[in-house]
Amino acid sequence: MPEDNWSNWLDFNQEYFKDIPESAGVFMMHQAMKILFIGGSENIKKTIIELSTNDCIRKATRFKYRNEENFEKTRLELIGDFKKRHEGNLPDCMQ
């Protein structure tokens, strides 16, 4: 997957976790088209699996990811864009 391309939105369940690459990247999770979390990690598969036990994030129904070497910079840009569109607020599971 090229670095500028996101995966499709995938169901947030263990069946789809197996296909997540163990590489650096960014990801988003949503419920009913409302973004709950924006994250980034050196190992997106490991991080998404770990987050799946969080009470708030467990409400997510779908997620998408993108391989990204400079994940922290991209994560901060994605959060900034979200805040601009939502009156300065963070996604629900990041407050």
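In this text the structure is predicted, and so the values were computed from the model without any measurement. (Residues numbered from 1 in each chain as written. Predicted model: local features only at pLDDT ≥ 70, side-chain atom pairs only at ≥ 80, totals over all residues. Heavy atoms only, no water.)

Visitor: Explain the environment of phenylalanine 17 to me, please; I cannot follow it from the model alone.
Guide: Its place among the elements puts phenylalanine 17 in helix α1 (residues 14-17). Sequence separation of phenylalanine 17 and phenylalanine 27 is 10 residues, and the distance between their C-alpha atoms is 12 Å. What phenylalanine 17 contacts, discounting residues up to four positions off in sequence, is Phe12, Lys45, Ile48, Ile49, Ser52 and Phe63. (Helix = DSSP H or I, 4+ residues; strand = E, 2+ residues; numbered from the N terminus. Contact = heavy atoms within 4.5 Å.)

Visitor: Would you mind showing me how to read the side chain of histidine 30 here?
Guide: Looking at the secondary structure, you find histidine 30 in strand β2 (residues 25-31). Among the polar contacts made by the side chain of histidine 30, one reaches the main-chain amide nitrogen of methionine 33 at a distance of 3.2 Å. With sequence-adjacent residues up to four places away left out, histidine 30 is seen in contact with Trp9, Ile35, Leu36, Ala60, Thr61 and Arg62. (Polar contact = N/O pair within 3.5 Å; in protein donor to acceptor, adjacent residues only side chain to side chain.)

Visitor: Sorry if this is basic, but what is going on with the side chain of lysine 64 here?
Guide: Structurally, lysine 64 can be placed in strand β4 (residues 62-67). Within the buried core, lysine 64 has no salt-bridge partner, and the shortest N-O distance to an opposite charge, that of aspartate 81, equals 11 Å. Not counting the four nearest positions on each side in its chain, lysine 64 is found in contact with Trp6, Ser7, Asn8, Trp9, Val26, Phe27 and Met28. (Buried < 20%, exposed > 50% of the residue type's maximum accessible area, 1.4 Å probe, protein only. Lys, Arg positive; Asp, Glu negative; His and termini not counted. Salt bridge = Lys/Arg side-chain N within 4 Å of Asp/Glu carboxyl O.)

Visitor: Hey, could you run me through the pairing of β2 in this one?
Guide: Residues in a regular strand project their side chains so that they alternate between the two faces of the sheet. Most of β2 sits out of view: 6 of its 7 residues are buried. Between the end of β2 and the start of strand β3 (residues 34-41), which pair antiparallel, lie 2 residues, with alanine 32 showing a positive phi angle near 50°. (Pairing = 2+ DSSP bridges.)

Visitor: Could you clarify how one ought to interpret the state of the cysteines in this entry?
Guide: Disulfide: a covalent bond connecting the sulfur atoms of a pair of cysteines. Counted by the stated rule, this structure contains 1 disulfide. A disulfide bridge connects cysteine 56 with cysteine 93, and the sulfur atoms are separated by 1.9 Å. Between cysteine 56 and cysteine 93, the S-S torsion sits near -85°, and that sign places the bridge as left-handed. Residue cysteine 56 is located in the loop between α2 (44-51) and β4, and its partner cysteine 93 is located in the segment after α3 (71-85); the two are separated by 37 residues in the primary sequence. (Disulfide = S-S within 2.5 Å.)

Visitor: What is the right way to read the environment of lysine 34 from this model?
Guide: Its place among the elements puts lysine 34 in strand β3. Residue lysine 34 is classed as partly exposed on the basis of its relative accessible area of 44%. C-alpha separation for the pair lysine 34 and alanine 60, spaced 26 residues apart in sequence, amounts to 9.1 Å. Here the side chain of lysine 34 touches aspartate 92 through a polar contact of 3.0 Å, side chain to side chain.

Visitor: Mind showing me how you'd approach the packing of aromatic side chains here?
Guide: Any two aromatic rings considered together are summarised by their centre-to-centre distance and by the angle between their planes. Inspection of the entire model under this criterion finds 5 aromatic pairs. Each ring, one from phenylalanine 12 and one from phenylalanine 63, has its centre 6.0 Å from the other, and the planes form 80°; the classification is edge-to-face. Highlighted residues: phenylalanine 12 in the loop between β1 (10-11) and α1 and phenylalanine 63 in strand β4, separated in sequence by 51 residues. Comparing phenylalanine 12 with phenylalanine 63, the two get one shared label, buried. Taking 5.8 Å as the distance between ring centres and 65° as the angle between the ring planes, the aromatic pair formed by phenylalanine 17 and phenylalanine 63 counts as edge-to-face. One end of the pair, phenylalanine 17, is in helix α1; the other, phenylalanine 63, is in strand β4, and 46 residues separate them in sequence. We note that phenylalanine 17, like phenylalanine 63, is buried. Through successive ring pairs, a cluster of aromatic residues spans Phe12, Phe17, Phe63 and Tyr65. Above the ring of tryptophan 6, the side-chain terminus of lysine 64 is found at 4.7 Å from the ring centroid. (Phe/Tyr/Trp six-rings, centres within 6.5 Å; stacked < 30°, edge-to-face > 60°. Lys NZ or Arg CZ within 6 Å of the ring centre and 35° of its normal.)

Such coordinate-based values are descriptive only and should not be taken to indicate function.
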